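# Observations on the three-dimensional arrangement
Here is what each chain is made of, one letter per residue.
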Amino acid sequence: MKVKFLVALSMIVSLFFVTSVSATESEPIIDGVLTEGEWGEPTFVSDYFNIYILNDTDYLYVAFETKGGTYLPTGDGDVGMMNLYVMNPDTEECWAYCWIHRTPTLIELKYTDPPDPQQTLTTEATFAVTETVFELRVPLSELESIGDTIAFHFLSYAQGWTDWTTCWLFDQSYTLWKPTKADVLSGNGIPGKGIANAPGLQKLIPNWNYANGTGN
Ligand SMILES: [Ca+2]
């Protein structure tokens, strides 16, 4: 009887934690607006733009924020351009997510390693852009064998602000955040000094989907 009670209690506790946690204070909303607390501090900074990176186990979230000029059309044919190059530093495989305003509804995914360096693939990435912000959500499933650490090149071309020498930020390293049970407990505000040290709580949670708050 006692065992059954403990099992039932464990299931209830697990359900509570599984359904009520988020990867950050709130999941980034891909709407071209940086709201307070949405992205935290910039992950990478150049003199001309900031880059914000977050991830859960399904998606990579990236925001570009220019410090001047505009990402939107200027009316004289000029266009903004934001490219995200994602590389596996071990294999040098590279994926390029490219957006230019000539095709405002389209972001292109190019797999820039063999078999075809210029092959354009269909992407499930979503994006939104406003005058100074470009937000992007990339499915991690599109980055095959990416590994835990990613190398990035960023291209942020804002009209009236950057040129071809200032729009780049090369070789930025990012290690994917992977949630543990301890992260989940802490994220729910559960107190306890032992959470960070208990061996059983340091295991990664497989297939955790923070984007919609359900576990698989
Ligand atoms: Ca947003």
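Residues numbered from 1 in each chain as written. Predicted model: local features only at pLDDT ≥ 70, side-chain atom pairs only at ≥ 80, totals over all residues.

## A closer look at the sheet that holds strand β8 (residues 126–129)
Taken together, the five strands give an open sheet; going across it, the order is β1-β2-β3-β9-β8, and neighbouring strands pair in antiparallel fashion. Of all strands in the sheet, those bounded by a partner on one side alone are β1 (44–45) and β8. The sheet contact formed by β1 and strand β2 (residues 49–55) spans two bridges and is antiparallel. Bridge pairing in β2 links Val-45 to Asn-50. (Pairing = 2+ DSSP bridges. Helix = DSSP H or I, 4+ residues; strand = E, 2+ residues; numbered from the N terminus.)

## Notes on the sheet that holds strand β5 (residues 94–100)
The strand order across the open sheet built from six strands is β7-β6-β5-β4-β10-β11, with neighbouring strands paired in antiparallel fashion. If you trace the sheet from one side to the other, it starts and ends with β7 (120–121) and β11 (168–175), each paired once. For β5 and strand β6 (residues 108–111), the ladder comprises four bridges, and the chain directions are antiparallel. Bridge pairing in β6 places Tyr-97 opposite Leu-109.

## A few points about the nonpolar core
Ranked by internal contacts, the top residues of the largest apolar core, which has 37 residues, are Ile-51, Val-62, Tyr-97, Phe-134 and Leu-136. Elements represented by at least two residues in this core include exactly β2, β3 (59–66), β4 (81–87), β5, β8, β9 (133–139) and β10 (149–157). Ranked by residues supplied to this core, first place goes to β3 with six residues. Excluding anything up to four places from it in sequence, Phe-134 contacts Ala-63, Phe-64, Tyr-71, Met-82, Phe-127 and Val-129. (Core = buried A, V, L, I, M, F, W, Y, C linked by C-beta atoms within 7 Å. Buried ≥ 20, exposed ≤ 12 C-beta atoms within 10 Å, placed from the backbone. Contact = placed C-beta atoms within 7 Å.)

## Considering the pairing of β5
Here β5 shows a buried face lined by Trp-95, Tyr-97 and Trp-99 and an unburied face lined by Cys-94, Ala-96, Cys-98 and Ile-100. Where β4 meets β5, seven bridges bridge the pair, whose relative direction is antiparallel. When the bridges of β5 are listed, Met-87 appears paired with Cys-94.

## As for unusual backbone geometry
Of note, the phi angle at Asp-171 is positive, near 55 degrees, even though the residue is not glycine. Take Asp-171: it is sitting in strand β11.

By themselves, these observations are geometric and do not establish any function.
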